[in-house]
There are 2 protein chains.
Amino acid sequence: MTGSELESPRYLEDDQLTIRCVVTVFKTPHVATRNLLNKIEVPPSDITENLGRLLEGEEDTDVAFCVGGETLVAHRLVLAMRSPVFKAELYGPMLEGRSHVVTIQDMHPAVFSALLCFIYTDSLPDMDDNKEGSDGNIEMIRHLIVAADRYSVDRLKLMCESILSERLDVETVVTTWALADQHNCSRLKDACLEFLTTSDVMDAVKATPGYKNLKKTCPSALVDVYEKGMAKLKQLISRSK
Amino acid sequence: MTGSELESPRYLEDDQLTIRCVVTVFKTPHVATRNLLNKIEVPPSDITENLGRLLEGEEDTDVAFCVGGETLVAHRLVLAMRSPVFKAELYGPMLEGRSHVVTIQDMHPAVFSALLCFIYTDSLPDMDDNKEGSDGNIEMIRHLIVAADRYSVDRLKLMCESILSERLDVETVVTTWALADQHNCSRLKDACLEFLTTSDVMDAVKATPGYKNLKKTCPSALVDVYEKGMAKLKQLISRSK
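Quantities reported herein were computed from a predicted structural model and do not represent experimental measurements.

Participant: Can you break down the sheet that holds strand β3 (residues 63-67) of chain B residue by residue, with the values?
Facilitator: Residue and element names in this part refer to chain B. An order of β4-β3-β5 is seen for the three strands of this open sheet, with the pairing classed as mixed. A strand with exactly one partner marks an edge of an open sheet, and here the two such strands are β4 (70-74) and β5 (100-104). Taken pair by pair, the neighbouring strands of this sheet meet at an average axis angle of 25°, ignoring direction. Both β3 and β4 contribute to a ladder of five bridges, which runs antiparallel. Looking at the pairing, Phe65 lines up with Leu72 of β4. The sheet contacts of helix α6 (residues 109-121) involve β3, β4 and β5, and relative to β4 the element is tilted by about 10°.

Participant: Tell me about a nonpolar patch on the surface, and please be specific about residues and values.
Facilitator: A surface patch of nonpolar side chains, about 450 Å² in accessible area, is lined by Met1, Tyr11, Leu17 and Ile19 of chain A together with Val23 of chain B. Within the secondary structure, Val23 of chain B is located in the loop between β2 (16-17) and α2 (31-34).

Participant: Any details on the nonpolar core? Residues and values, ideally.
Facilitator: Judged by nonpolar contacts, the single largest core of 88 residues is most densely connected at Phe65 and Phe112 of chain A together with Phe65 and Phe112 of chain B. Other than its neighbours up to four places away in sequence, Phe65 of chain B contacts Glu70, Thr71, Leu72, Ala74, Leu79, Phe86, Leu90, Val102, Ile104 and Phe112 of chain B.

Participant: Give a description of the environment of Lys228 of chain A that names residues and reports values.
Facilitator: Residue and element names in this part refer to chain A. Considering the arrangement of structural elements, one finds Lys228 in helix α13 (residues 219-240). For Lys228 and Asp190, which are 38 residues apart along the polypeptide, the C-alpha to C-alpha distance reads 9.5 Å. Among residues more than four places away in sequence, those in contact with Lys228 are Lys189 and Leu193.

Participant: Residues and numbers for unusual backbone geometry, please.
Facilitator: In the Ramachandran plot, Asp106 of chain A falls in the positive-phi region, its phi being about 55° despite a non-glycine side chain. For Asp106 of chain A, the position within the fold is in the loop between β5 (100-104) and α6 (109-121). Of note in the backbone geometry, Glu58 of chain B takes a positive phi value of approximately 55° without being a glycine. Note that Glu58 of chain B resides in the loop between α3 (47-57) and β3. Looking at Glu58 of chain B, the relative accessible area reads 49%, which means it is partly exposed.

About the cut-offs
Residues numbered from 1 in each chain as written. Chains lettered and ligands numbered in written order. Predicted model: local features only at pLDDT ≥ 70, side-chain atom pairs only at ≥ 80, totals over all residues. Heavy atoms only, no water. Pairing = 2+ DSSP bridges. Helix = DSSP H or I, 4+ residues; strand = E, 2+ residues; numbered from the N terminus. Axes fitted to C-alpha atoms, helices over the stretch in contact; angles between N-to-C directions. Contact = heavy atoms within 4.5 Å. Patch = residues over 30% accessible without salt bridge, like charges linked within 9 Å, V, L, I, M, F, W, Y side chains within 5 Å. Areas by Shrake-Rupley, 256 points an atom, 1.4 Å probe, with all protein chains shown as cover. Salt bridge = Lys/Arg side-chain N within 4 Å of Asp/Glu carboxyl O. Core = buried A, V, L, I, M, F, W, Y, C linked by side-chain atoms within 4.5 Å. Buried < 20%, exposed > 50% of the residue type's maximum accessible area, 1.4 Å probe, protein only.

Function cannot be inferred from these measures alone, as they are strictly geometric.
Here is the structure:
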């Protein structure tokens, strides 16, 4: 909940915020636990840590990727269990023997490395520490959407869509919409449309280089935006009547 | 917190329980999120689901275990990343080639199968649905402590120690103590000692078959219990003076 929402008269009364807590008391604690002062705590799952070390350690790897002049190694089993595209590529009928070298076109090594990190650990490298996200991070997230779409790593794609949807602004919304459109990110497209139609930003957006560029290179995408934006605006108008 | 703890005068005043909540309001919400009605939710990590399917699917397995007349298959990579003992056994210098058949002595196939399940998914099979635990489940948990100790799967061992520590009773506490002692479960041993010394149960415990059996087969373990129990009781007495 944002600060402004919280400060609305709906929640504040006499400048006081009342929070109601429901506390459940279990009436019959287990006989044995009643006397147990030192409960044995079980640490959280460490399976992603184990997988992360497997990737870092580079032990027993059985596939190598050449990406933009760099070589990155991995385990076919892990890649195949996490991505149906890798599974088809690495266990397909055309492939035999134990060692594979695969050349990856059109991808920066840092992006492929982040993709591998996500595949092994279900989280993004580093960027967690820097949630506000510099421009460089946002650029990486865009590239990761492309990579996640290419290898059908759906949770990574959704994670990137979520991050971009929270960073939408006048400068980038059209570029983000085009990216979402190209890589079948329906949720991110919805978020872009919502940003465009529920904020009063359209005039500012039209003045951005992103908009002008898209109008030149792919006007059909803009037509889509306008069509859906118009439909959404009409809905809003009819609801408010 | 148990009901009786909550009802103590330390928390109740005039039969009222006051709960203080600290609410943090972030003063500068991000411009872009302010208008976003449909936040894109990222589903929880599915990596253990992927690993679980790998075990169930039995695809691309490279090791087979003969356990009590049954054959169970698995992936050496997963076993090695989760257990240093499996790593040494399956990747040791003595072993070559792609296929391995390993015979496991002194273990029931159901126990080994549960161990595999934990190794792949970081959780116990089925028993989660039945938290109160029938006697059969408790027996399985005991066997799993032995298996976890044998393969150095530390989190599984702690999880089983935690479950047993919550099920301690007069009938089983001595048997549980002997098991904990044999498999280096220091936390569970502490819980047993605590149960014996802070409850008034020693006379009842002495009448159980478990106690009589241990007195016959391994009296030195009982001596340990008494030594540590005495020391603990002395501590309690000196504290209460």
